[in-house]
Protein chains: 2
Amino acid sequence: MLMAELSRRSGVPVATIKYYLREGLLPPGTATAATRAEYGEPHLRRLRLIRALVEIGEVPIASIAQILATVDSESVSTHELLGAVQYALGPQQETPSDPDEVWQAAEREASDLISELGWTVEPGAPARTLLVGSLAVLRRGGMAPPGPPLREYARAVGQLAKREVASVASAACAAGDRLVLAESAVVGIVLYERMLIALRRLAQEDASARLNGTGQ
Amino acid sequence: MLMAELSRRSGVPVATIKYYLREGLLPPGTATAATRAEYGEPHLRRLRLIRALVEIGEVPIASIAQILATVDSESVSTHELLGAVQYALGPQQETPSDPDEVWQAAEREASDLISELGWTVEPGAPARTLLVGSLAVLRRGGMAPPGPPLREYARAVGQLAKREVASVASAACAAGDRLVLAESAVVGIVLYERMLIALRRLAQEDASARLNGTGQ
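Residues numbered from 1 in each chain as written. Chains lettered and ligands numbered in written order. Predicted model: local features only at pLDDT ≥ 70, side-chain atom pairs only at ≥ 80, totals over all residues. Heavy atoms only, no water.

Caption draft 1: Expanded view of the overall build of chain A. Helix and strand counts for chain A stand at 9 helices and 2 strands. Listing the helices and strands of chain A from first to last along the sequence gives α-α-β-β-α-α-α-α-α-α-α. The principal-axis extent of the C-alpha atoms belonging to chain A is close to 70 × 50 × 30 Å. For chain A, the residues scored as buried account for 48% of the 216 residues in total. For chain A, the accessible surface area stands at approximately 10,300 Å², while carbon and sulfur atoms represent 53% of it. (Helix = DSSP H or I, 4+ residues; strand = E, 2+ residues; numbered from the N terminus. Buried < 20%, exposed > 50% of the residue type's maximum accessible area, 1.4 Å probe, protein only. Areas by Shrake-Rupley, 256 points an atom, 1.4 Å probe, with all protein chains shown as cover.)

Caption draft 2: Geometry of the relation of the copies chain A and chain B. Each copy superposes on the other: chain A lies on chain B with an RMSD of 0.0 Å after a rotation of 180 degrees and an axial shift of 0.0 Å. Taken together, the rotation and translation describe the operation of a two-fold axis. Within chain A, A156(A) has its C-alpha nearest the rotation axis, a separation of 3.6 Å. Comparing contact sets, 100% of the residues at the interface of chain A also lie at the interface in chain B, consistent with an isologous, same-surface contact. (Least-squares fit on C-alpha atoms with pLDDT ≥ 70 in both. Contact = heavy atoms within 4.5 Å.)

Caption draft 3: Representation of the interface of chain A and chain B. Taken together, the contact between chain A and chain B spans 74 residues of the former and 75 residues of the latter. Roughly 7,000 Å² of surface becomes buried between chain A and chain B when both sides are summed, with 67% attributable to carbon and sulfur atoms. Among the residues of chain A in contact with chain B, Y153(A), R200(A) and R201(A) are the three that bury the most area, contributing 12% of the side total. Residue E193(B) is joined to R200(A) by a salt bridge in which the shortest nitrogen-to-oxygen separation is 3.5 Å. The interface formed by chain A and chain B contains 24 residue pairs in polar contact (both at pLDDT 80 or more). Looking at the side of chain A that touches chain B, the elements with two or more residues in it are α3 (41–56), α5 (78–88), α6 (101–117), α7 (126–140), α8 (148–175) and α9 (178–212) of chain A. In terms of residue count, α9(A) provides more of the side of chain A that touches chain B than any other element does, 25 residues in total. Each residue belonging to the side of chain A that touches chain B can be placed in one class, and the counts come to 44 nonpolar, 16 polar and 14 charged. (Buried area = accessible area lost by both parts, 1.4 Å probe. Salt bridge = Lys/Arg side-chain N within 4 Å of Asp/Glu carboxyl O. Polar contact = N/O pair within 3.5 Å; in protein donor to acceptor, adjacent residues only side chain to side chain. Nonpolar A, V, L, I, M, F, W, Y, C, P; charged D, E, K, R; others polar.)

Caption draft 4: Spotlight on the pairing of strand β1 (residues 30–33) of chain A. Residue and element names in this part refer to chain A. Pairing between β1 and strand β2 (residues 36–38): 3 bridges, direction antiparallel. Bridging from a neighbouring strand, A33 pairs with R36 of β2. Between β1 and β2, which follow one another and run antiparallel, lie 2 residues. (Pairing = 2+ DSSP bridges.)

Caption draft 5: Fine view of the pattern of salt bridges. Residues and elements named next belong to chain A. Applying the stated criterion to the full structure yields 26 salt bridges over all chains. Notably, a salt bridge pairs D100 with R140, separated by 2.8 Å at the nearest N-O pair. Remark: R140 occurs in helix α7 and D100 occurs in the loop between α5 and α6; sequence separation between them is 40 residues. The salt bridge partner of R151 is E116, with a shortest N-O separation of 2.9 Å. Of this pair, R151 sits in helix α8 while E116 sits in helix α6, and the two are 35 residues apart along the sequence.

Caption draft 6: Inspection of the packing of helix α4 (residues 61–72) of chain A against α5(A) at higher detail. Residues and elements named next belong to chain A. In the contact formed by α4 and α5, the axes pass within 9 Å of each other and the chain directions differ by 170 degrees. The angle between the axes of α4 and α5 places the two elements in the roughly antiparallel class. Touching I67, T70 and V71 of α4 are L81, A84, V85 and A88, all from α5. Among the residues forming the contact of α4 with α5, the class breakdown is 6 nonpolar, 1 polar and no charged. (Axes fitted to C-alpha atoms, helices over the stretch in contact; angles between N-to-C directions. Parallel < 35°, antiparallel > 145°, perpendicular 65-115°, else oblique.)

Caption draft 7: Molecular detail of α9(A). For α9(A), built from 35 residues, the straight-helix expectation of 51 Å at 1.5 Å per residue is met to within 8% by its first-to-last C-alpha distance of 50 Å. A positive backbone phi angle near 80 degrees is found at G213(A), which sits one or two residues after α9(A). (Expected span 1.5 Å × (residues − 1).)

Caption draft 8: Seen up close, the confidence of the model for chain A. Residues and elements named next belong to chain A. Taken over all residues, the pLDDT of chain A has a mean of 87, while the share at 70 or more is 96%. Confidence scores differ between elements of chain A, with α8 showing the lowest mean pLDDT of 78 and helix α2 (residues 14–22) the highest of 95. Scored as a complex, the prediction yields pTM 0.84 and ipTM 0.87. (pLDDT = per-residue confidence, 0-100.)

Caption draft 9: Inspection of the environment of P60(A) at higher detail. Residue placement: P60(A) occurs in the loop between α3 and α4. By relative accessible area, which is 47% here, P60(A) ends up partly exposed.

Caption draft 10: Representation of unusual backbone geometry. Its identity as a non-glycine residue notwithstanding, E58(A) has a phi of 50 degrees, on the positive side. Within the secondary structure, E58(A) sits in the loop between α3 and α4.

Caption draft 11: Broad picture of the packing of aromatic side chains. Residue and element names in this part refer to chain A. Scanning all chains against the criterion turns up 2 aromatic pairs over all chains. Aromatic side chains Y19 and Y20 sit 5.9 Å apart centroid to centroid with 45 degrees between the ring planes, which places their arrangement in the tilted category. Taking the relative accessible area as the measure of exposure, Y20 reaches 2% and is therefore buried. (Phe/Tyr/Trp six-rings, centres within 6.5 Å; stacked < 30°, edge-to-face > 60°.)

Caption draft 12: Examining the environment of L181(B) more closely. Relative to the assigned elements, L181(B) resides in helix α9 (residues 178–211). Along the sequence, L181(B) and R128(B) sit 53 residues apart, while their C-alpha atoms lie 24 Å from each other.

Caption draft 13: How the structure looks around the packing of α5(A) against α9(A). Residue and element names in this part refer to chain A. Relative to each other, α5 and α9 sit at 45 degrees, their axes nearing to 10 Å. One element, α5, and the other, α9, form an angle in the oblique class. You can see that α5 and α9 cross each other, and the crossing is right-handed. Here T78, L81, L82, V85 and Q86 of α5 come into contact with α9, specifically with R178, L181, A182, A185, V186 and I189. (Left-handed = near helix turned anticlockwise from the far one by under 90°.)

Structural data, given as structure tokens:
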């Protein structure tokens, strides 16, 4: 297909596609004349992944190049590919360069919880740092540490994660395409996260309405 | 206490406290001399709430004034106060001015889910719009709608929300202070949300490692 059709089918403006070509995010088409090039289905799938990363994941262009390199490298396992996608998505929490006692205590609390759940995660996983950061803020504010409800939630979410990961992996395997796998991962992680946040807030509103006697 | 002590005890720099005074977020202290004023415990609690809104909730100063007015108005119920805090916290999703068919279908899907769960929530609740927006993106991408796992999650989170809301309300009732209630709500909503996101991502990493055979 020509540039105009690639733009129409992907919903991405021509100027943006040209920008991605210049940045090397999209490989050049096959030149058919001095000013014409043919683009194929892989270009379309690649554009879909880039748009998901930009629009849904809010990932900066610099990190997108890295994710695309990981997708292109066939020697990288599916597990590592999913990790690269997840690690690139915010919110990110910085580790202090000189962690104080509170941070260290929060780190032990997070590690204990993860071991208790029997989960295998990298020591440098951004989600682990995000958990530590939140636990540290609770401690600094002199607030009660999260108790059994958080553990119960963690178990429920663990069951869901197994199904999610299996379904993303099997859908991508059926499509036989790592670009599709990466796209499903972005959508699955970000959109579901938003839905989970939304549902929790709706549940809070309902619970508060009932407590207040204004619910049904 | 004098300004210097208020700054020390709250951890908020003097210049920032003066800015809050100018913006009317903090009421003036009791003047004891031409350039001296005494501040009390309510100033301290108010500063803690403002800092929680700014640092944890990332709420803009303009919205903070509104929340403080709600806290100060004793005729506003606890339920409405919790609502004002929750509604001010991001992420926000804009409603399109002219919703297309996809958006309308996503709206019906969200309403059906909320009725099925038996939850009482305002038609204009930002969390409802956030849910609709995510469902609309799924539909636009031709992706499968969320199935039973989302409902299962919603039920689990509903159970948690009941306990959360009850514990925030009872702690605030014991403190007898609406400033403390609002502060607990900000912390509870934002920090727990971050922890829930972190736990879900850690659960995904573990599930992916197991599927890949690299887990323990």
